[in-house]
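Okay, here's what each chain looks like letter by letter:
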Amino acid sequence: AQSVAQPEDQVNVAEGNPLTVKCTYSVSGNPYLFWYVQYPNRGLQFLLKYITGDNLVKGSYGFEAEFNKSQTSFHLKKPSALVSDSALYFCAVRGRGSSNTGKLIFGQGTTLQVKP
Amino acid sequence: DGGITQSPKYLFRKEGQNVTLSCEQNLNHDAMYWYRQDPGQGLRLIYYSQIVNDFQKGDIAEGYSVSREKKESFPLTVTSAQKNPTAFYLCASRTSGTNTGELFFGEGSRLTVL
């Protein structure tokens, strides 16, 4: 079965410092991996995805993520955090294969708190 | 602008009542999805549809029903059989034909059972 784990319920970081939000996954074969951000009472906004190729993926708002196959991880990173980055972040996975329905399996989410 | 519109944004329901949440998209996407969000549990899939007039149960379909009569529309009915319906409901869509595409989400509907 496919699954995603975000081991930290909350991450606290000071503005200007680098941030990392962790994600590990379990899926048969090679995965498609996604990061989304959610602000209070809003829908999810797509940040970036890994499909194939370069393990370092760059996305919206200065975020990037590194795919590590041996560690089955896809951690989200940003070199310098902003207060406005404070939000709920979701990692998601989709397995490959002809029977795939396109649905995403989501982690439980990590709240990022950036303090001035 | 293209996007996904969910309505209503907030909905209050008495126990025993059915309610229908609307989801409309003008992205020309074939596939549509309904997720439920509860604090600390992430998003869980209720129903999905890959093509008009066809839909499948997700992981937590009990107490819910859907229809897909038009490509643009995928309404979700929360029935009285759903034991704990208070939650934030999110509709999403994507283009089919490839598994690499991300989901596009609406702004959500918050249902509260009084």
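Residues numbered from 1 in each chain as written. Chains lettered and ligands numbered in written order. Predicted model: local features only at pLDDT ≥ 70, side-chain atom pairs only at ≥ 80, totals over all residues. Heavy atoms only, no water.

Asks: Looking at this structure, I do not really get the state of the cysteines. What am I missing?
Replies: Linking two cysteines covalently via their sulfur atoms produces the bond known as a disulfide. The final tally for this structure, using the stated rule, is two disulfides over all chains. What pairs with Cys23 of chain A in a disulfide is Cys91 of chain A, and their sulfur atoms sit 2.0 Å apart. Handedness here is read from the sign of the S-S torsion; for Cys23 of chain A and Cys91 of chain A, about -65°, the answer is left-handed. Placement of Cys23 of chain A in the loop between strand 3 (19-21) and strand 4 (24-26) and of Cys91 of chain A in strand 10 (residues 87-95) is noted, with a sequence separation of 68 residues between them. Classification of Cys91 of chain A as buried rests on a relative accessible area of 0%. Disulfide pairing places Cys23 of chain B opposite Cys91 of chain B at an S-S distance of 1.9 Å. Its S-S torsion of about -75° marks the bond between Cys23 of chain B and Cys91 of chain B as left-handed, since a negative value means left-handed. Here Cys23 of chain B, found in strand 3 (residues 19-25), pairs with Cys91 of chain B, found in strand 9 (residues 87-94); they are 68 residues apart in sequence, far enough to count as distant. (Disulfide = S-S within 2.5 Å. Helix = DSSP H or I, 4+ residues; strand = E, 2+ residues; numbered from the N terminus. Buried < 20%, exposed > 50% of the residue type's maximum accessible area, 1.4 Å probe, protein only.)

Asks: What am I meant to see in the pattern of salt bridges here?
Replies: Where charged atoms from two side chains of opposite charge come close, those side chains can pair. Per the counting criterion, the structure on display carries eight salt bridges over all chains. Here Lys49 of chain A makes a salt bridge to Glu102 of chain B, at a shortest N to O gap of 2.9 Å. Residue Lys49 of chain A is found in strand 6 (residues 44-50), and its partner Glu102 of chain B is found in the loop between strand 9 and strand 10 (104-105); the two belong to separate chains. Residues Lys58 of chain A and Glu64 of chain A are paired through a salt bridge, measuring 2.9 Å at the closest nitrogen-oxygen approach. Take Lys58 of chain A: its relative accessible area is 61%, and that puts it in the exposed class. Each of Arg36, Asp38 and Arg44 of chain B takes part in a single network of salt bridges with overlapping partners. (Salt bridge = Lys/Arg side-chain N within 4 Å of Asp/Glu carboxyl O.)

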